Structures are given as C-alpha cells and as structure tokens.
Amino acid sequence: TKVAACVLQVQQSLPNARVMYCSATGVSEVAHMQYLDRLGLWGAGTSFKDFAEFSRAMKDRGLGFMEQLAMELKSDGKYLARSLSFRGAEFVERVVQLTDDDIVRYDASATF
C-alpha cells in the first residue's frame, strides 16, 4: 500500500530512529506486515532473506501459523493487541472550515 511504502521510506531515511508500529489490522494477514521490517522477522540473522521469502513461508503455513506468530511476538513484547469498547460512546460529525494556514500546515506534514 501507499502507507506501507511511506512507512518504509521513513524508516530507511531515519535508520537510528526508534519505531513503534500501530495498526488496526495487526497480524491478521501477512501482506499487512510488509512495513514491519524492524521486528527482525526477515533479513540478516533470520531464516528469511527478505519479506517476499517470509511472506511465502507464512502463506504456505496458513492462518494457524499467523496466530502462533502473533503469540510469539506478544511473548517477546513486540506485539500488543487490544479491543476497544464502544459502550457509552457518542459520535458527532462536524464540518470544519480550514484556514489557509491550516491547509499549509497539513500539506507540509503530509509531504514526504
């Protein structure tokens, strides 16, 4: 995805930066893991030379293995999964007019 490509670009641009990955999809599908290269699941010192090799191996092993992977990542402190309760939650939709300064700030923060 475009988001994954941007995350990879940021990580490559900042090799010493600390990273915390946040995702709504987690370890549900191996394709969603492509940008998680700092978890050490593939690359030098692992069983898989790159993400493509890791992805093929995970797909061959099926959903049960993805669950095992999630449990292993949790036990290593590399994965945390939470469910949010919407009990008592209220939602309000608001339309807000952005000022020219707001637009410039937004555009600057979203440019890579």
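The shown structure was predicted, so the numbers you read here are calculated from the model rather than taken from an experiment.

Between side chains of opposite charge, a pair can form as their charged atoms come close. Tallied over the full model, the rule gives one salt bridge. With its nearest N and O atoms 3.2 Å apart, the salt bridge here joins D102 to R105. Linking D102 with R105, this pair stays in helix α4 (residues 100-109), spanning three residues, or about one helical turn.

This part covers the layout of surface pockets. In this model, the second largest pocket occupies a volume close to 200 Å³. Lining the second largest pocket we find 15 residues, and of these L41, F48, F54, L69 and E72 sit closest to its centre. Of all the secondary-structure elements, those providing two or more residues to the lining of the second largest pocket are α2 (51-61) and α3 (63-75). Of the residues forming the lining of the second largest pocket, the biggest block, five residues, is contributed by α3. When its residues are assigned to classes, the lining of the second largest pocket shows eight nonpolar, four polar and three charged.

Structurally, the position occupied by Q11 is in helix α1 (residues 2-13). A polar contact of 2.3 Å, which involves the side chain of Q11, links it to the side chain of Y21. Ignoring sequence-local partners within four residues, the contact set of Q11 consists of V19, Y21, Y35, D37 and R38.

Take α3 next. Under the 1.5 Å per step criterion, the end-to-end length of α3 is 19 Å for 13 residues, consistent within 8% with the ideal 18 Å. Where α3 is buried, its residues contact α2. Positioned one or two residues after α3, G77 has a phi angle of 75°, which is positive.

Together, L84, F86 and F91 line one region of the surface with nonpolar side chains, adding up to about 440 Å² of accessible area. Mapped onto the elements of the fold, F91 is located in the loop between α3 and α4. Its relative accessible area of 67% is what places F91 among the exposed residues.

Their axes nearest at 6 Å, the elements α2 and α3 cross at an angle of 120°. Put simply, α2 runs oblique to α3. Listed contacts from α3 to F54, M58 and R61 of α2 are L63, F65, M66 and L69. The residue makeup of the contact of α2 with α3, split by class, is six nonpolar, no polar and one charged.

Rules and cut-offs
- Residues numbered from 1 in each chain as written.
- Predicted model: local features only at pLDDT ≥ 70, side-chain atom pairs only at ≥ 80, totals over all residues.
- Heavy atoms only, no water.
- Salt bridge = Lys/Arg side-chain N within 4 Å of Asp/Glu carboxyl O.
- Helix = DSSP H or I, 4+ residues; strand = E, 2+ residues; numbered from the N terminus.
- 1 Å grid on protein atoms, 1.4 Å probe; cavity = no way out; pocket = protein on both sides within 12 Å on 5 of 7 lines; lining within 4 Å.
- Points joined across faces, edges and corners; volume = space filled by probe spheres on them.
- Nonpolar A, V, L, I, M, F, W, Y, C, P; charged D, E, K, R; others polar.
- Polar contact = N/O pair within 3.5 Å; in protein donor to acceptor, adjacent residues only side chain to side chain.
- Contact = heavy atoms within 4.5 Å.
- Expected span 1.5 Å × (residues − 1).
- Patch = residues over 30% accessible without salt bridge, like charges linked within 9 Å, V, L, I, M, F, W, Y side chains within 5 Å.
- Areas by Shrake-Rupley, 256 points an atom, 1.4 Å probe, with all protein chains shown as cover.
- Buried < 20%, exposed > 50% of the residue type's maximum accessible area, 1.4 Å probe, protein only.
- Axes fitted to C-alpha atoms, helices over the stretch in contact; angles between N-to-C directions.
- Parallel < 35°, antiparallel > 145°, perpendicular 65-115°, else oblique.

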